[in-house]
Amino acid sequence: MRRLQNVCLTVAVTALVVSYAAWSSLTATTTLGTSSSASRLPLGDLREHSTVCHASLQDQRTFLPSNNDSSLPTIFFITPTYPRREQFAELTRLGQTLMHVPSLHWIVADDNPECNPFLTEIFQKFGLPFTHISSPMPSNYRKRYFVPRGVSNRRAALKWIKANAASGVFYFGDDDNTFDLTLFSEIRDTKIVSMFPVGLIGEFGVSAPIIEGGKVVGFFDSWPADRKFPVDMAGFAVSVEYLLQHPNATMPYKAGHEEDQFLKSLDLKMSDIEPKANNCTKVLVWHTQTVKKPKHNLKVPESIFSNLRTLLEKLVSLGVVQMGAEVSGKEVYMVVDGHKNEVTKRQVLGLS
Ligand code: UDP
Ligand code: MN
């Protein structure tokens, strides 16, 4: 009897899982279309909403790279980002790399339902042509065991390219990766899809195409996963013309398979791939990862030194710390002569 109950339970659970999987894959493909098809969905939380917060087409860098030739094909550098403590540090480092690159348009798509004005502000400071997009991940995908990170962002950026670009090359560059400036001159003349090694990937320490006679014959990657193109997101660049010739090309919300399925949706053949980085012998991009920590909640008294208040308020607005006078926060102090002092101005100056 007990066994029968178990069998029934297993069957019921399996049926539930199968029907959920079928339903979620159905709805996932329906959301690829317009908002009218999305509005027929049973649940609103698979729906995509993206907004262009700000676009600047002018190159306003004060120090232009010496080779900033306007006839160069534009590189559309697509960066998914999301609010967390480290976001502004990552984007500062990346933006200052990109400032050295001629003819580049930075598309930064933030996994955030709001347009964060502080992001627009730092992009304006870099002076690069840029598009700032708000592209939150539909909340149902965030509940998955393997979350498809950065997908809503990249899809929104592709939508922007399809609507606004006619030529050039695009590349997916995450906000925490490290880019050698040589990469940009390598990918700029991509005709269809170019590929190259990415350092610090998986258990081989690198993911790279394998080349014979100037052609890609296979891949060196420690996670095959039945992928035709087992490459990292940072390991390829695509010509805009080629994308426009494949209007149905899309990146799925399928963690670990985004690259492979996107490249398949472009109808890419192995023989089309253009090896870069000196026949895939060099690493020009590294999959670095920043240690992520939750932001600290600081217990800060009302009356503190004004520079400290301004500084902390700035960090609050950039999402680095939280502060308040509540008891649960970490008590802050000032160090004078190696000793902890209260941070209130009156007491430190001995005026009390
Ligand atoms: N990302 C995002 N939303 C998230 C998590 C990540 O938009 O909830 C972005 C992130 O900024 C990065 C990309 O997606 O540009 C890949 O994420 P992450 O670096 O965390 O993944 P990893 O490189 O460690 O696989
Ligand atoms: Mn990363």
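Under an unreviewed UniProt entry, the name given to the protein chain is Galactosylgalactosylxylosylprotein 3-beta-glucuronosyltransferase, and the organism recorded is Cloeon dipterum. Under the Catalytic activity (unreviewed entry) heading, UniProt states for the protein chain: "3-O-(beta-D-galactosyl-(1->3)-beta-D-galactosyl-(1->4)-beta-D-xylosyl)-L-seryl-[protein] + UDP-alpha-D-glucuronate = 3-O-(beta-D-GlcA-(1->3)-beta-D-Gal-(1->3)-beta-D-Gal-(1->4)-beta-D-Xyl)-L-seryl-[protein] + UDP + H(+)".

Student: When you look at the overall build of the protein chain in this model, what are you seeing that I'm missing?
Tutor: The number of helices and strands found in the protein chain is 12 helices and 18 strands. When each of the 352 residues of the protein chain is scored for burial, the buried share is 44%. Restricting the contact set of the protein chain to residue pairs at least 6 apart, pairs at least 24 apart contribute 73%. Split by element, the accessible area of the protein chain, about 18800 Å² in all, is 57% carbon and sulfur.

Student: Quick question: what am I supposed to make of helix H11 (residues 306–317) here?
Tutor: In this model, H11 (12 residues) spans 17 Å end to end at C-alpha, consistent with the 16 Å of a helix rising 1.5 Å per residue. A positive backbone phi angle near 80° is found at Gly 319, which sits one or two residues after H11.

Student: Can you help me understand the UniProt feature "glycosylation site" (unreviewed entry) in the protein chain in this one?
Tutor: Per the UniProt record, "glycosylation site" (unreviewed entry) is annotated on Asn 279. Residue position: Asn 279 is located in helix H10 (residues 277–280).

Student: How should the confidence of the model for the protein chain be read in this particular structure?
Tutor: If pLDDT is low for a region, its predicted coordinates should not be looked at in detail. Taken as a whole, the protein chain shows an average pLDDT of 89; of its residues, 85% reach a score of 70 or greater. Predicted confidence is poor over residues 13–42, with pLDDT under 50, and the contacts of this stretch with residues over four places away or in other chains come to 23 contacts.

Student: What am I meant to see in the sheet that holds strand E3 (residues 104–110) here?
Tutor: Consider a sheet: its strands pair through backbone hydrogen bonds, and that pairing is either parallel or antiparallel. Strands sit in the order E1-E4-E3-E2-E5-E11-E7-E12 across an open sheet of eight strands; the sheet is mixed. Strand pairing shows two members of the sheet lacking a second neighbour, strand E1 (51–56) and strand E12 (273–275), which therefore form its edges. Mean inter-strand twist for the sheet, computed between neighbouring axes without regard to direction, equals 20°. With five bridges connecting them, E1 and strand E4 (residues 130–134) associate as antiparallel partners. Note on E4: the bridge partner recorded for Ser 56 is Phe 130. Relative to E3, helix H3 (residues 87–98) is tilted by about 170°, and along the sheet it contacts strand E2 (75–81) and E3. Helix-sheet contacts for helix H4 (residues 117–126) involve E1, E3 and E4, and the interaxial angle to E4 is about 170°.

Student: What am I meant to see in a nonpolar patch on the surface here?
Tutor: On the surface, Phe 204, Ile 210, Val 217 and Phe 220 cluster together to form a nonpolar patch covering roughly 350 Å² of accessible area. Here Phe 220 is to be found in strand E10 (residues 215–220). Residue Phe 220 is classed as partly exposed on the basis of its relative accessible area, which comes to 36%.

Student: What is the right way to read the site of ligand 1 from this model?
Tutor: Close to ligand 1 lie 16 residues; Pro 80, Asp 111, Asp 176, His 287 and Gln 289 are nearest. Backbone polar atom of Thr 81 to an oxygen atom of ligand 1: 3.4 Å apart, as the coordinates give it. In the environment of ligand 1, an oxygen atom lies 3.2 Å from a nitrogen or oxygen atom belonging to the side chain of Arg 142. In isolation ligand 1 offers 520 Å² of accessible surface; the protein chains occlude 89% of this area. Breaking the shell around ligand 1 down by element, the ones donating at least two residues are E2 and helix H6 (151–164). The residue inventory of the shell around ligand 1, partitioned by class, reads three nonpolar, five polar and eight charged.

Student: Help me understand the UniProt feature "active site" (unreviewed entry) in the protein chain in this model?
Tutor: In the UniProt entry, the feature "active site" (unreviewed entry) is given for Glu 259. Inspection of the secondary structure puts Glu 259 in helix H9 (residues 258–265). Not counting chain neighbours up to four residues away, the residues in contact with Glu 259 comprise Arg 227, Val 231, Asp 232, Met 233 and Phe 236.

Student: When you look at the sheet that holds strand E14 (residues 296–299) in this model, what are you seeing that I'm missing?
Tutor: An order of E15-E14-E16 is seen for the three strands of this open sheet, with the pairing classed as parallel. Both edges of this open sheet fall to strand E15 (321–324) and strand E16 (330–331), since each of them pairs with a single strand only. Here E14 runs beside E16; their pairing, made up of two bridges, is parallel. Counted as the bridge partner of Lys 299 is Glu 331 from E16. On top of the sheet, H11 reaches E14 and E15; it is set at about 125° to E15, its chief contact.

Student: I'm lost on the pairing of strand E11 (residues 236–239) in this one. Help?
Tutor: Walk down a regular strand and you will see the side chains alternate between the two sheet faces. Both faces of E11 are covered, namely the face carrying Phe 236 and Val 238 and the face carrying Ala 237 and Ser 239. Direction of pairing for strand E5 (residues 169–172) relative to E11: antiparallel, over a ladder of three bridges. Its bridge partner being in E11, Val 169 is matched across the sheet by Ser 239. Two elements, strand E7 (residues 193–195) and E11, share three bridges in a ladder whose sense is antiparallel. By the bridge assignment, Met 195 is partnered in E11 with Phe 236.

Here is what the cut-offs are and how they apply
Residues numbered from 1 in each chain as written. Chains lettered and ligands numbered in written order. Predicted model: local features only at pLDDT ≥ 70, side-chain atom pairs only at ≥ 80, totals over all residues. Heavy atoms only, no water. UniProt positions renumbered as here; feature names shortened; annotations may be inferred. Helix = DSSP H or I, 4+ residues; strand = E, 2+ residues; numbered from the N terminus. Buried < 20%, exposed > 50% of the residue type's maximum accessible area, 1.4 Å probe, protein only. Contact = heavy atoms within 4.5 Å. Areas by Shrake-Rupley, 256 points an atom, 1.4 Å probe, with all protein chains shown as cover. Expected span 1.5 Å × (residues − 1). pLDDT = per-residue confidence, 0-100. Pairing = 2+ DSSP bridges. Axes fitted to C-alpha atoms, helices over the stretch in contact; angles between N-to-C directions. Patch = residues over 30% accessible without salt bridge, like charges linked within 9 Å, V, L, I, M, F, W, Y side chains within 5 Å. Salt bridge = Lys/Arg side-chain N within 4 Å of Asp/Glu carboxyl O. Near = heavy atom within 4 Å. Polar contact = N/O pair within 3.5 Å; in protein donor to acceptor, adjacent residues only side chain to side chain. Nonpolar A, V, L, I, M, F, W, Y, C, P; charged D, E, K, R; others polar.

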